[in-house]
Amino acid sequence: MIRLTGITRTFLVGGEEVHALREVNLAITKGEYLSIMGPSGSGKSTLLNIIGLLDRPNAGVYELDGGKVTALSDDELARVRREKIGFVFQFFHLVPRLTATQNIELPMILAGIDPAERRQRLARLLTEYGLEGRASHRPDQLSGGQCQRVAIARAMSMGPTVILADEPTGNLDRHTGQEVLAVLEQVHHKGGTVVIVTHDPEIGARSHRRLRMLDGAVVADEKD
Amino acid sequence: MRPTDLFNFAWQVLRGSVARTLLILLAMGIGVAAVVMVTALGEGARLYVANQFGSLGSNLVIVLPGRSETAGAMPGVLLGKTPRDLTLDDALALKRSHAVRRFAPLIVGAGDVRVGARSRETPVLGSTAELVEIRHMELAQGRFLPEGDPRHSQPVCVIGAKVASELFGSRQALGEWLRIGDRRFRVIGIMATQGESLGMNTDEIVIVPLAAAQALFNTEALFRVLVEAKSREQIAQTKADVEEIIRLRHEGERDVTVITQDAVLATFDRILNALTLTVASIAAISLAVAGILIMNVMLIAVTQRRREIGLLKALGATGQQIRLAFFTEAMLLASGGAAAGLAVGELGRSIVGQMYPAIPFQAPWWALVAAPAIAMTTAVLFTVAPARRAARLDPVQALSRR
């Protein structure tokens, strides 16, 4: 479903080339629950951004659902991202002036989905992620865990091919982190593909496939 | 993205920062209101002058003694100097022109008008029966000066409404006698209230036969002769005839000034239009300033909302959607500001209109269209740069910074 072949990404930092990713090869199949671990600067976030089509590799081929996406224009990438990728961020990235419902609705608005259809999906998502009582609350009236649940609901609203979570528990206390992780695992149990970037070995241990990265290369790839 | 969603999104942004929104609305509103008010004042002045000339009488040609080389001044201000007076005989000679329908010689002076113990200093006009037709005067009571040989006069007069009420109070003025200087006149007519007409308020004057005025002020010299051409097309012919007839009578010297109201009106029109346009352009600059304000605010918004823009991109917003969101926001601000400005301008116009009811203040239609249009255009133009910057934002960088 996701196939990366020879992906290389270099940045220019102060006139010097930094290799964030060196010839990464990776295949992720549908329904996998995968964690990417490694020290900071090892390239795990860059890899996630490239899988999420937010960043482009300097070399290599990326196939998503059987189609090459490396050569697409920015706007085409945006459309693919809208349909197939769901992001969950460490700092939630909810729009502060919008309510929980409106935040979840954003991707569907961008996709131009019919308002009646949007209402249906919203009702379902709110129930599914236990947010019925919080529908018209703004992010500053929500707890961290609730914020992240809103973010996950938003990521799921378009029925994406893959959920990409960058340190989803990094900004939460242990207990809430577990809760959020449980929600992500619930997505996985329903057949969704989940990729989590984390530096917490405990979280990594819960996933079914663990990638370890170092200096821009995948050094270990364990499956249960 | 659906248009209603786009609208809602922009609306939520504007509602999210009320102070910022109100400030921009204020700037835009002031600009639009300024354009509306300024053009309303200019147009009001123009219409006022046009009306004044209209009330003066149609197809009018005015003959003044003396030669002035300056065109376009107020007829009342134009007082050339000449050794040769314009006389009644000059005026009577104008009958020779076929283009002339009628004429009224005019003498103006100030007289001490008395009725019993009441006395009042008023302008006294000496003229003939034709004046009422030429100047489109209306009588409230009685009749105007009798027709007949202007060299001879009867002791009668026609008075303005204000003069009548001040001298006679609530008493019937018609048929009563009044005194101007050492002469007695019987009131045979009272004029209807017409208000100001080119510096001469018909409410406050007394009109006597020409010969009587000549005797009163002890002068043969006419203040001016009002000539009415037979038609609009014959105004030029009338002017030429008048100049020729008087030149022949004045031993070949062109020592009178003949002005047509059309020429004067056209000059006024041009001056006032130019003035309105100039001041309106200055007011329009404030609109451009408001546009620059919008640009600044939008640029700040791009920086402040980096994370949000990055997020939208991560959620699948295309560059065009981001640009559209910014343009919608700017358009909402501009149209809100324009609406507020139109309302405030209209309010200001009606307030000034109440203060000066004689002047028909009315913003011309082009200003009512142009002011909002300029507001919208500047808003959109000045949003191009911020919107492009937002659309080009790299989502990875935008999201990584806290």
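None of the values given here were measured: they were computed from a predicted structure. (Residues numbered from 1 in each chain as written. Chains lettered and ligands numbered in written order. Predicted model: local features only at pLDDT ≥ 70, side-chain atom pairs only at ≥ 80, totals over all residues.)

A.B. asks: How should I be thinking about the overall build of chain B in this particular structure?
C.D. replies: Of regular secondary structure, chain B possesses 12 helices and 12 strands. In summary, chain B has a C-alpha radius of gyration of 33 Å against a globular reference of 21 Å for 402 residues, an excess of more than 25%. Its C-alpha atoms put chain B at 105 × 55 × 30 Å along the principal axes. Within chain B, contacts between residues at least 6 apart in sequence are counted, and of these 83% link residues at least 24 apart. (Helix = DSSP H or I, 4+ residues; strand = E, 2+ residues; numbered from the N terminus. Rg over C-alpha atoms; globule rule 2.2 N^0.38 Å. Contact = placed C-beta atoms within 7 Å.)

A.B. asks: Any chance you could explain the interface of chain B and chain A here in plain terms?
C.D. replies: Reports of interface size often rely on the accessible area that becomes lost once the parts have come together. At the interface, 21 residues of chain B touch 22 residues of chain A. Sorting the residues of the side of chain B that touches chain A by element identifies helix H1 (3–16), helix H9 (306–314), helix H10 (319–355) and helix H12 (395–400) of chain B as the ones contributing at least two each.

A.B. asks: Explain the packing of H10(B) against helix H11 (residues 365–392) of chain B to me, please; I cannot follow it from the model alone.
C.D. replies: To describe two helices that pack against each other, one gives the angle between their axes and the distance between the axes. All names here are of chain B. Contact geometry of H10 with H11 gives a least axis separation of 8 Å together with a crossing angle of 155 degrees. As the angle between them shows, H10 and H11 are arranged roughly antiparallel. You can see that H10 and H11 cross each other, and the crossing is right-handed. Here the residues of the contact of H10 with H11 sort into 20 nonpolar, five polar and two charged. (Axes fitted to C-alpha atoms, helices over the stretch in contact; angles between N-to-C directions. Parallel < 35°, antiparallel > 145°, perpendicular 65-115°, else oblique. Left-handed = near helix turned anticlockwise from the far one by under 90°. Nonpolar A, V, L, I, M, F, W, Y, C, P; charged D, E, K, R; others polar.)

A.B. asks: Honestly, the nonpolar core in this entry has me stumped. Any pointers?
C.D. replies: The nonpolar side chains of a soluble globular protein tend to be buried with one another. In this structure, A:Val195 and B:Val35 are the most contacted members of the largest nonpolar core, which totals 123 residues. The leading source of residues in this core is helix H2 (residues 18–55) of chain B, at 14 residues. Non-local contacts of A:Val195, meaning those with residues more than four positions away in its chain, are made with A:Ile28, A:Leu34, A:Ile36, A:Leu48, A:Ile51, A:Val162, A:Leu164 and A:Ala165. The next biggest cluster of nonpolar side chains, apart from the first, holds 60 residues, and it includes B:Phe53, B:Leu60, B:Ile107 and B:Leu131. (Core = buried A, V, L, I, M, F, W, Y, C linked by C-beta atoms within 7 Å. Buried ≥ 20, exposed ≤ 12 C-beta atoms within 10 Å, placed from the backbone.)

A.B. asks: Quick question: what am I supposed to make of the sheet that holds strand S5 (residues 67–68) of chain A here?
C.D. replies: Pairing between the strands of a sheet is mediated by backbone hydrogen bonds and can be parallel or antiparallel. Residue and element names in this part refer to chain A. Spatially, four strands are ordered S2-S1-S4-S5 in an open sheet, and the strand pairing comes out antiparallel. Every interior strand has two partners, whereas the edge strands, strand S2 (16–28) and S5, have only one. As paired strands, strand S1 (residues 2–13) and strand S4 (residues 59–64) are joined by five bridges and run antiparallel to one another. Note that in S4 the partner of Ile2 across the bridge is Leu64. (Pairing = 2+ DSSP bridges.)

A.B. asks: Looking at this model, I keep getting lost on the domain arrangement of chain B. Mind explaining?
C.D. replies: When its domains are assigned, chain B resolves into domain 1 (3–52 + 266–400) and domain 2 (84–254). Inter-centroid distance (C-alpha atoms) of domain 1 of chain B to domain 2 of chain B is 55 Å. (Domains from an automatic or database assignment.)

A.B. asks: Looking at this structure, I do not really get the sheet that holds strand S7 (residues 162–166) of chain A. What am I missing?
C.D. replies: Residue and element names in this part refer to chain A. Read from one edge to the other, the open sheet built from six strands follows the order S6-S7-S8-S3-S9-S10, with strand pairing classed as mixed. Across the chains shown, the open sheet's two edge strands, defined by having one partner strand only, are strand S6 (85–88) and strand S10 (217–223). Along the sheet, successive strands turn relative to each other by an average axial angle of 20 degrees, direction set aside. Note that strand S3 (residues 33–37) and strand S9 (residues 209–214) share four bridges and pair parallel. Among the inter-strand pairings, Leu34 is bridged to a residue of S9, identified as Arg209. Strands S3, S7, strand S8 (193–197) and S9 of the sheet are contacted by helix H1 (residues 44–51), whose axis makes an angle of about 150 degrees with S8. Seen against the sheet, helix H5 (residues 144–156) touches S6 and S7 and runs at an angle of roughly 170 degrees to S6.

A.B. asks: Teacher, can you tell me more about the pairing of S3(A) here?
C.D. replies: Residues in a regular strand point their side chains to alternate faces of the sheet. All names here are of chain A. Most of S3 is tucked away: five of the five residues are buried. Of the two faces of S3, the one lined by Tyr33, Ser35 and Met37 and the one lined by Leu34 and Ile36 are each fully buried. Where S3 and S8 come together, four bridges link them in parallel fashion. When the bridges of S8 are listed, Tyr33 appears paired with Val194.

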